[in-house]
Amino acid sequence: MSYGSHDGDGAAASSGSAAGTPGGGVYDWFRRGVRLLEERHPAAAVQLLTRAAEAEPGSRSIREALGRAQFDAGQYAAALESFRTVAVADPSDDYAQFGWGVAAARLGDFESSAEHLALAVAMQPGNEHYRAALRQTRATLAARAGAFGPLQPGAPGYLAPPEEPGGGTA
């Protein structure tokens, strides 16, 4: 689908009616926000999609697009909340579960991440993106639990053992 410089009715988008209010209606904001996200302008997309979500708080499609924009803009806590809102409204939404899981991982909550990524994989077992994210989260949990043995010198997070008092010679 191609997006032009006009809104759905063929009229050029207005510059906004009130101070700070984008022109058009909620659907126009949604479409322009998704277009900005596709064009890799997530921070700008967050602005429009936040406005749309405030106007239509029950819209799962707006909230999902907002979560994607927030994630891409590095707003992981906000993205997690957006995806959680969608997943709570529809627990069978595999993408919302996936979004919740990857946002939780970015925030360092790998237990929650594994739970929601596992749900997404269970719903869409053929989705390689979901499976790869779950493998990565589970590997992180295993590494943190010491499943791969002690960290070797030079590895990220390696701490050298403390020296013994007295120099260690007898």
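Everything below is about the structure printed above this text.
Conventions adopted
- Within each chain, residues carry numbers counting from 1 in the order of the written sequence.
- Residues qualify for local features only when their pLDDT is at least 70, as the model is predicted, and side-chain atom pairs are given and counted only at 80 or more; totals for whole chains, interfaces and linings, by contrast, use all residues.
- As a rule here, side-chain values come from all non-hydrogen atoms in the structure, and water together with hydrogens is ignored.
- For the purposes of this entry, the term helix denotes a DSSP run of H or I that reaches at least four residues, the term strand denotes a run of E that reaches at least two, and both are numbered from the N terminus.
- Type-normalised accessible area, obtained with a 1.4 Å probe on protein chains alone, sets the label of each residue: buried when under 20%, exposed when over 50%, and partly exposed for intermediate values.
- Note on definitions: salt bridges are taken to be side-chain nitrogens of Lys or Arg within 4 Å of carboxyl oxygens of Asp or Glu.
- Throughout, an axis means a line fitted to C-alpha atoms (over the contacting stretch in the case of helices), and angles, computed between N-to-C directions, take values from 0 to 180 degrees.
- An angle counts as roughly parallel when it lies under 35 degrees, as roughly antiparallel when it exceeds 145, as roughly perpendicular when it falls between 65 and 115, and as oblique in every other case.
- Crossing handedness: left-handed means the near helix sits turned counterclockwise from the far one by under a right angle, and right-handed means the same turn made clockwise.
- Any two residues having at least one pair of non-hydrogen atoms within 4.5 Å are treated as being in contact.

(A) Just unusual backbone geometry, in detail. We note that Arg40 has phi near 65 degrees; this positive angle belongs to a residue other than glycine. Looking at the element boundaries, Arg40 is found in the loop between helix 1 (26-38) and helix 2 (42-55). Overall, Arg40 belongs to the exposed group, its relative accessible area being 73%.

(B) Spotlight on the pattern of salt bridges. Per the stated rule, a full pass over the model turns up 4 salt bridges. Of the charged contacts, one joins Glu81 and Arg84 as a salt bridge, the two residues approaching to 2.6 Å between their closest N and O atoms. Of this pair, Glu81 and Arg84 both sit in helix 4 (residues 76-89), 3 residues apart, which is roughly one turn of the helix. Each member of the salt-bridge network shares a partner with another, and the members are Glu128, Arg131 and Arg135.

(C) Spatial organisation of the packing of helix 5 (residues 94-106) against helix 7 (residues 128-144). Where helix 5 contacts helix 7, the axes come no closer than 11 Å and their chain directions differ by 30 degrees. Regarding the angle of helix 5 to helix 7, the classification is roughly parallel. For the element pair helix 5 and helix 7, the recorded crossing hand is left-handed. Note on element contacts: helix 7 touches helix 5 through His129, Tyr130, Ala133 and Thr137, opposite Asp94, Tyr95, Phe98, Val102 and Ala105.

Everything listed here is a matter of coordinates, which is why it stays silent on function.
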